[in-house]
Amino acid sequence: MNILILGSGGREHALAWKIKESKHCDKVFIAPGNAGTAAVGQNVPIDVNDFDAIKQFVIDNKVTMLVVGPEDPLVNGVYDYFQGQQDWKGMVIAPSRAGAQLEGSKAFSKKFMERHRIPTASYAEFNADNYQEGKTYIASHSLPVVLKADGLAAGKGVVIAQTHEEALKTFEEMILNKQFGEASSKVVIEQFLDGIEVSVFILTDGKDYKIIGHAKDYKRIGEGDTGLNTGGMGCVTPVPFMDTSFMEKVENQIIRPTVEGIAKEEIDYKGFIFFGLINVKGEPMVIEYNCRMGDPETEVIMPSLNADIVDLFLAVYYGGLNEVNIQPAVQSCVTVVAVSGGYPGSYEKGKKITLPELKQNNESLIFHAGTQLQGTDILTNGGRVLAITSFGENIEAAAEKSRQLLKDIHFDGIQYRKDIGYEFK
Ligand code: AMP
Ligand code: GLY
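In this text, all values refer to a predicted model and were calculated from it rather than measured experimentally. (Residues numbered from 1 in each chain as written. Chains lettered and ligands numbered in written order. Predicted model: local features only at pLDDT ≥ 70, side-chain atom pairs only at ≥ 80, totals over all residues. Heavy atoms only, no water.)

Caption draft 1: Representation of the site of ligand 1. The environment of ligand 1 is formed by 14 residues, the closest being Glu190, Gln191, Leu193, Glu197 and Glu288. A distance of 2.9 Å is found between a nitrogen atom of ligand 1 and a backbone nitrogen or oxygen belonging to Gln191. Take Lys219: an N or O atom from its side chain is 3.1 Å from an oxygen atom of ligand 1. For ligand 1, the protein covers 87% of the area, taking 470 Å² as the surface of the free molecule. Secondary-structure elements contributing two or more residues to the shell around ligand 1 are β7 (145-149), β8 (158-161), β9 (186-191) and β16 (283-290). The residue inventory of the shell around ligand 1, partitioned by class, reads seven nonpolar, one polar and six charged. (Near = heavy atom within 4 Å. Polar contact = N/O pair within 3.5 Å; in protein donor to acceptor, adjacent residues only side chain to side chain. Areas by Shrake-Rupley, 256 points an atom, 1.4 Å probe, with all protein chains shown as cover. Helix = DSSP H or I, 4+ residues; strand = E, 2+ residues; numbered from the N terminus. Nonpolar A, V, L, I, M, F, W, Y, C, P; charged D, E, K, R; others polar.)

Have a look at this one:
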């Protein structure tokens, strides 16, 4: 079978690598892809939101499965678009537009959790019509107070305000000054939850589900979790505190009620759910839902997954997802992200990258995020450039392998955190 993946990051490189290993996969295409995906399959210069061009491509190239990486085309309704086509009847691994609202609207996801009694921070939602009420609500809210733009804001729509002044200013920026355009015309104000974050990933057909892994990511640019937020500087799996009893709580109190809620509300959903959780004194609560895999989480989840991912995708369409057996990972897996100098602020692109030959021992993998090919050169093409994934007998051993490999990876301005997994030493 021929499979097309939409996206161009480290997540899509890891998905392409895993899909290519499948016994079901003949050809893998990536639109638009990067220099790394070009080595796994064939890159196709099509925008992820150009659904007409994607349709023409899947017809012309006998693609029977479409796997969607990023949130944008999901929220824009790529699944629904293909449901409406008569001339292509392939499988689309994605939620419907309605399902993607779990990520596309914070207000929708909070109401969904309320309806299905899924533990999350208490909240209220405001817009221009009840702006004054919102100000009063914020003024008497305990600190810190969390403000979230309702819609997609490229990962920048959440502010944790330490003072009421900062919260009121942020509220004004979002609603009156439309800081994130339409995305901040509605704002969710919520209680701050104190604990350790962890993410759990499932694949679902909207009725059954399979847990495919979990990970802890490192969002801050600086060592010791300091400095600005980024898209993710590294990840580890498995996470030591995710023991059986905590995982049971996650499954019983969060995952199952979520999937049951989707089924009850008759939401068409044939894709991943990323549960952003926080462990508050041993109790899991939902910080956010994403309707896709995470990046860089995918760069540890896919290499650690002891299953044929296309078997799982086929089960989403043909049933039996609950019965697929996934053996737990025996080794720890860590990814360390190498970023451009200046990131997450402004940075330059087009720097030449030199990469070492990988030993054929399967202990480390190099996933490309923001890279592009120019002739035979690999150039930087984004903030997050590479994700260096390694296995080890524990988190520290795996992280050390990635750090060693990074010593042989060069581009102008390269930066990476040397402490990924530090708290699990
Ligand atoms: P989100 O875009 O919803 O994932 O939020 C981004 C980040 O903000 C999360 O990963 C958390 O680190 C933090 N965050 C969001 N909501 C809360 C909350 N209610 N309490 C504490 N931290 C939060
Ligand atoms: N690493 C966080 C995300 O993919 O949203």
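Here the narrative resumes, following the displayed structure.
Caption draft 2: How the structure looks around the pattern of salt bridges. Evaluation of the coordinates by the stated rule reveals 27 salt bridges. Two residues, Glu125 and Lys186, come together in a salt bridge whose shortest N-O distance is 3.9 Å. In this pair, Glu125 sits in strand β6 (residues 123-127) while Lys186 sits in strand β9, placing the two residues 61 residues apart along the sequence. The exposure class of Lys186 is partly exposed, given its relative accessible area of 26%. Look at the salt bridges and you will find they share partners, linking Lys23, Asp308 and Asp311 into a network. (Salt bridge = Lys/Arg side-chain N within 4 Å of Asp/Glu carboxyl O. Buried < 20%, exposed > 50% of the residue type's maximum accessible area, 1.4 Å probe, protein only.)

Caption draft 3: Representation of the site of ligand 2 in the model. In the vicinity of ligand 2, the contacting residues are Asp217, Gly231, Phe274, Arg292, Gly294, Asp295, Pro296 and Glu297. At a separation of 2.9 Å, a nitrogen atom of ligand 2 approaches a polar side-chain atom of Glu297. Alone, ligand 2 offers 200 Å² of accessible surface; in the complex the protein occludes 84% of this. Partitioning the shell around ligand 2 into residue classes produces two nonpolar, two polar and four charged.

Caption draft 4: Representation of the pairing of strand β11 (residues 209-217) in the model. Burial analysis of β11 places eight of its nine residues in the buried class, which makes it a mostly covered element. Pairing analysis gives six bridges linking strand β10 (residues 196-204) to β11, with the strands arranged antiparallel. Looking across to β11, one finds that Val200 is bridged to His214. Linkage of β10 to β11, two consecutive antiparallel strands, is achieved through a turn of four residues, within which Gly206 is found at a positive phi near 95°. The sheet contact formed by β11 and strand β14 (residues 234-237) spans two bridges and is antiparallel. Opposite Lys216, over in β14, you have Val236 as the bridge partner. (Pairing = 2+ DSSP bridges.)

Caption draft 5: The packing of helix α5 (residues 97-104) against helix α6 (residues 106-115), seen in detail. At a minimum axis distance of 6 Å, the contact between α5 and α6 shows a crossing angle of 100°. With respect to α6, the element α5 is oriented roughly perpendicular. The segment α5 lies against α6, with Ala98, Gln101, Leu102 and Gly104 engaging Lys106, Phe108, Ser109 and Phe112. (Axes fitted to C-alpha atoms, helices over the stretch in contact; angles between N-to-C directions. Parallel < 35°, antiparallel > 145°, perpendicular 65-115°, else oblique. Contact = heavy atoms within 4.5 Å.)

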